[in-house]
Amino acid sequence: MNAPLTSLRRATACPHDCPSTCALEVEILEGRRMGRVYGAADNGYTAGVICAKVARYAERVHNPERLTRALLRTGPKGSGQFREIGIAEALDRAAEGLMAAEARHGSEAVWPYYYAGTMGLVQRDGINRLRHAKGYSDQYSTICTALSWAGYRAGAGRMTGLDPREMEQADCVVLWGTNAVVTQVNVMTHAVRARKARGAPIVAVDVYDNATMRQADVKLLVRPGTDGALACGVMHVLFRDGFADRAYMAAYADDPAGLEAHLASRTPEWASALCGVPAADIVAFAHLIGTRPRSFFRIGYGFARQRNGAVAMHAVTCLPVVLGAWQHPGGGALHTNSGMFGWDKRAIEGLELRDPGIRSLDQSRIGAVLTGEAAALRGGPPVAALFIQNTNPVSVAPDQETVKRGFAREDLFTVVHEQVMTDTSRIADLVLPATMFVEHDDVYQAGGQTHILLGPKLIEPPGDCLSNHEVLCGLARRLGVEHPGFAVGARDLVDQTLQASGRGTVAALEAARWLDCAQPADAAHFRDGFGWPDGRFRFRPDWAGAAAGMPGGGDASAMPAWPDHWAVIEEADAAHPFRLTTSPARNFLNSSFTETGTSLAKEERPTVLIHPDDAAPLGIADGDAVELANARGAVRLHARLSEGLRRGVLIAESIWPNRAHADGRGINTLTGADAPPPLGGAAFHDIHAAIRRL
Ligand SMILES: Nc1nc2c(c(=O)[nH]1)N[C@H]1C(S)=C(S)[C@@H](COP(=O)(O)OP(=O)(O)OC[C@H]3O[C@@H](n4cnc5c(=O)[nH]c(N)nc54)[C@H](O)[C@@H]3O)O[C@H]1N2
Ligand SMILES: Nc1nc2c(c(=O)[nH]1)N[C@H]1C(S)=C(S)[C@@H](COP(=O)(O)OP(=O)(O)OC[C@H]3O[C@@H](n4cnc5c(=O)[nH]c(N)nc54)[C@H](O)[C@@H]3O)O[C@H]1N2
Ligand code: SF4
Ligand SMILES: [Mo]
């Protein structure tokens, strides 16, 4: 007979790249296996709710597909032919490869490349310590936040906003360009509280009738890339119909009179012609929020993944200022609170070793970098070695054909440290097996809420899996690099970082499970001023100033002086009659969970949504195999007919692995890697394309 199963509930945090950063309780079975995962009921933001894919996380941790041994390539690049080698030999070979690249072209020929596969500060950002210690090329991170943050900062001056728990005090909740039901489910907990307690309507602004819009009371279906127009049309009505809070603006904004004059021509009819929302609906929405100054704008990332995304984000952030919403409980906006934590990351990142003379390469332009485009290399040597943690660029980066060409270079040495076999690890020369979050220590900080949470090591990893920190320490030893951060364990780095940041100790955090760092209400509401020396919100942003000295981004001098529709999106044309967005899928998280059977089964297969009236003349029926194409390449998937989107728009939900598509080309084959002003970024939802039945 089997021994009785021991089960302990342990506190941790969700490590994924999701604004919710849920406080979790994980069942640990017999001290070594993960059981069910729950949301902590007593965490004020998580409130006992987590998404389905993380509730079944045991499927990911104890997945037979997981990488548990180091792999050395034996066949041609990308063939998937590898042989297992010992982990010590693998680290030796990794270090040798990096040293060989450095010997050929200098230290900048090595590019440590990472993103947010784990959001733990130690395991995510520690790679920068090795980078700075060695003088390797820097990374300018643009793939997710560059467009939206540039727009938010241009107005508010600081990357902070409301405490999301305040939503329950709102009279109206506006979910703008975020599919919250799918991408950050906890937003809905707090929005529904407002609806129940105060009768607050939930408004959704999106490009299709997604899971969030289906729960909304008011639906504004915009044409992709036109949110700036909608925001201006709404502000026009607020001024015109007496809903603008002139006293608030006089105290808190730079030039309300200038804004009003600028908006005079931005009528609802003007906006409607651009964004497709009927003028009457624009007026009705303006009156709805005009009579409810306690309006909470939960502003997402999606609508800013457009070439005019920074301008659109800024325009949307002007709304709560014109309304004077910020003055009231439950009124104002939240895009991210990541600017409020004030971390001291010297121990993790070795920032004192940073040489400002070292070039910084644009993460989103990895294709151009690897294929040797001179501007992308910023005049420096070619990249001859890549060391990758926490990201899957061969799947997720834009302009995929160029990315693949770069990775296929015979003179490029690529080490990928991964949990599973991804499109990127498949094309590597050397693959190192990585731990998952319950197998290493780390500390997490929320973007969409206010907590710091501890994620302690709860079980032993399988096989030869090493944490990111352990791999970095192993490489540092072999490369002869010294820094105190390489001499201590991850838990010590968490402790040092908490202490240096004035957030107590790791022991205290472990006992408390989380630390609520919510700002005082006056700061969260910018009652003590916006993040500029004069404390005034900028209706008239200084785009060129924001871009000065930054490595990425196009020409900011042509950007509009006021909130507006900026006509730089990739418009449809005769050869590419559709606008395509690549919105996230519920059961995947970026490229993660595409390896778990349940998520795969629920998402079924790569699919594109098309309006029946667009499909009919093209002879496309529900379920048909189709090809999407533009100048960057072509992608094969299956059509699904839907009346929940505008004519002329296509929606391809999710980033499937490239190999899930009929000819191995993933959705990012169609996306562009040009760097939009002011600071660069990837316009993942700003694509024109043609569609045909196969
Ligand atoms: N078409 C299209 N493309 C997009 C987007 C889109 O909307 N449409 N979204 C973009 C956005 S917003 C983002 S943020 C990017 C994200 O794209 P990615 O950075 O690829 O995102 P993830 O899937 O979160 O994580 C990548 C990998 O990190 C690995 N990982 C997780 N934890 C660890 C760890 O502790 N150690 C190591 N070594 N590896 C770990 C996971 O196994 C996973 O394969 O994709 C972008 N690409
Ligand atoms: N299940 C799941 N959760 C995730 C992710 C995932 O891939 N899957 N990704 C994670 C990551 S890294 C991030 S950054 C966040 C992002 O989460 P969000 O802030 O929600 O941003 P996006 O996921 O890019 O897109 C959100 C919505 O914007 C819509 N959209 C696209 N273009 C436009 C437009 O021009 N105007 C308007 N109004 N809407 C538009 C899309 O259709 C989509 O429904 O989610 C995180 N959470
Ligand atoms: S909602 Fe986001 S933070 Fe919460 S468990 Fe799911 S992926 Fe993690
Ligand atoms: Mo992201």
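The name an unreviewed UniProt entry assigns to the chain is Molybdopterin oxidoreductase family protein, from the organism Lichenibacterium ramalinae. Here is the UniProt Sequence similarities (unreviewed entry) comment for the chain, exactly as written: "Belongs to the prokaryotic molybdopterin-containing oxidoreductase family." Here the chain is described in UniProt, under the heading Cofactor (unreviewed entry), as follows: "Mo-bis(molybdopterin guanine dinucleotide)".

K.L.:
Would you mind going over the site of ligand 2 in detail, with residue names and values included?
P.N.:
Near ligand 2, the surroundings consist of 31 residues, among which Gly225, Asp227, Tyr301, Ser583 and Phe588 are the closest. Val182 places a main-chain nitrogen or oxygen 3.0 Å from a nitrogen atom of ligand 2. Contact between ligand 2 and Phe588: a nitrogen atom at 2.7 Å from a main-chain N or O atom of the residue. Notes on ligand 2: free accessible area 910 Å², of which the protein chains cover 96%. Where the shell around ligand 2 is concerned, the elements lending two or more residues are helix H7 (180-183) and strand E9 (202-206). Here the shell around ligand 2 is built from residues that sort into 13 nonpolar, 12 polar and six charged.

K.L.:
Tell me about the sheet that holds strand E14 (residues 385-389), residues and numbers included.
P.N.:
Pairing within the open sheet is mixed, and its six strands lie in the order E5-E4-E16-E15-E14-E6. The sheet is open, and its two borders are formed by strand E5 (82-85) and strand E6 (110-114), each paired with just one other strand. With strand direction ignored, the average angle separating the axes of adjacent strands in the sheet is 20°. In this structure, strand E15 (residues 413-418) lies alongside strand E16 (residues 430-433), joined through four bridges in parallel fashion. Bridge assignment links Glu418 to a residue of E16, and that residue is Pro433. Its contacts with the sheet place helix H3 (residues 87-105) against strand E4 (70-73), E5, E6, E14, E15 and E16, and it is angled at close to 135° to E16. In the packing of helix H5 (residues 127-134) onto the sheet, the strands contacted are E6 and E14, and the crossing angle to E6 comes to about 165°.

K.L.:
How would you summarise the nonpolar core if you had to cite specific residues and measurements?
P.N.:
Ranked by internal contacts, the top residues of the largest apolar core, which has 81 residues, are Trp176, Ile289 and Phe539. Among the elements that make up this core, the one with the highest residue count is helix H14 (residues 309-323) (nine residues). Built from parts of two domains, this core gets at least three residues from each of domain 3 (150-335) and domain 4 (578-693). Judged by nonpolar contacts, the second largest core, of 80 residues, contains Leu67, Val394, Ala397 and Ile610.

K.L.:
Explain the packing of helix H9 (residues 227-240) against helix H12 (residues 268-275) residue by residue, including any values.
P.N.:
For any two helices packed against each other, one specifies the inter-axial angle together with the distance between the axes. One way to put it is that H9 packs onto H12 with a least axis distance of 8 Å and a crossing angle of 165°. When the axis of H9 is compared with that of H12, the two are roughly antiparallel. Like other packed secondary-structure pairs, H9 and H12 cross with a definite hand, here left-handed. Residues Ala229, Leu230, Cys232, Gly233, His236, Val237 and Arg240 of H9 lie in contact with H12, whose contacting residues are Pro268, Trp270, Ala271, Leu274 and Cys275.

K.L.:
Give a description of the sheet that holds strand E1 (residues 7-13) that names residues and reports values.
P.N.:
What the three strands build is an open sheet, ordered E1-E2-E3; its pairing is antiparallel. A single partner strand is all that each edge strand has here, and the edge strands are E1 and strand E3 (33-39). This sheet shows a mean twist of 30° between the axes of neighbouring strands, independent of strand direction. Relative to E3, strand E2 (residues 23-29) is paired through five bridges, and the arrangement is antiparallel. In the strand pairing of E3, Leu29 is matched with Arg33.

K.L.:
I'd like a description of the environment of Gly161, backed by residues and values.
P.N.:
Structurally, Gly161 is set in the loop between helix H6 (146-156) and strand E8 (172-176). Residue Gly161 is classed as buried on the basis of its relative accessible area, which comes to 2%. The sequence separation of Gly161 and Gly339 amounts to 178 residues, and the corresponding C-alpha distance is 9.1 Å. In this structure, Gly161 is in contact with Tyr152, Trp326, Ala333, Leu334, Thr336, Asn337, Gln519 and Ala524, ignoring residues within four places of it in sequence.

K.L.:
With reference to specific residues and values, describe the UniProt feature "domain: 4Fe-4S Mo/W bis-MGD-type" (unreviewed entry) in the chain.
P.N.:
Look at the UniProt record and you will see "domain: 4Fe-4S Mo/W bis-MGD-type" (unreviewed entry) annotated at residues 7-65. End-to-end, the C-alpha atoms of residues 7-65 are 25 Å apart, and along that stretch the chain is 14% helix and 36% strand.

K.L.:
Please set out the site of ligand 1 residue by residue, giving values where relevant.
P.N.:
Taken together, 29 residues form the shell around ligand 1, and within it Thr391, His417, Glu418, Asn468 and Ser592 come nearest. Backbone polar atom of Val396 to a nitrogen atom of ligand 1: 2.9 Å apart, as the coordinates give it. Glu418 places a polar side-chain atom, nitrogen or oxygen, 2.5 Å from an oxygen atom of ligand 1. Contact with the protein chains hides 97% of the accessible area of ligand 1, taken as 920 Å² for the molecule alone. A class-by-class count of the residues in the shell around ligand 1 yields eight nonpolar, 17 polar and four charged. Summarising the domain contributions, the shell around ligand 1 has at least three residues from each of domain 2 (70-144 + 347-516) and domain 4 (578-693).

Thresholds, definitions, all that
Residues numbered from 1 in each chain as written. Chains lettered and ligands numbered in written order. Predicted model: local features only at pLDDT ≥ 70, side-chain atom pairs only at ≥ 80, totals over all residues. Heavy atoms only, no water. UniProt positions renumbered as here; feature names shortened; annotations may be inferred. Near = heavy atom within 4 Å. Polar contact = N/O pair within 3.5 Å; in protein donor to acceptor, adjacent residues only side chain to side chain. Areas by Shrake-Rupley, 256 points an atom, 1.4 Å probe, with all protein chains shown as cover. Helix = DSSP H or I, 4+ residues; strand = E, 2+ residues; numbered from the N terminus. Nonpolar A, V, L, I, M, F, W, Y, C, P; charged D, E, K, R; others polar. Pairing = 2+ DSSP bridges. Axes fitted to C-alpha atoms, helices over the stretch in contact; angles between N-to-C directions. Contact = heavy atoms within 4.5 Å. Core = buried A, V, L, I, M, F, W, Y, C linked by side-chain atoms within 4.5 Å. Buried < 20%, exposed > 50% of the residue type's maximum accessible area, 1.4 Å probe, protein only. Domains from an automatic or database assignment. Parallel < 35°, antiparallel > 145°, perpendicular 65-115°, else oblique. Left-handed = near helix turned anticlockwise from the far one by under 90°.

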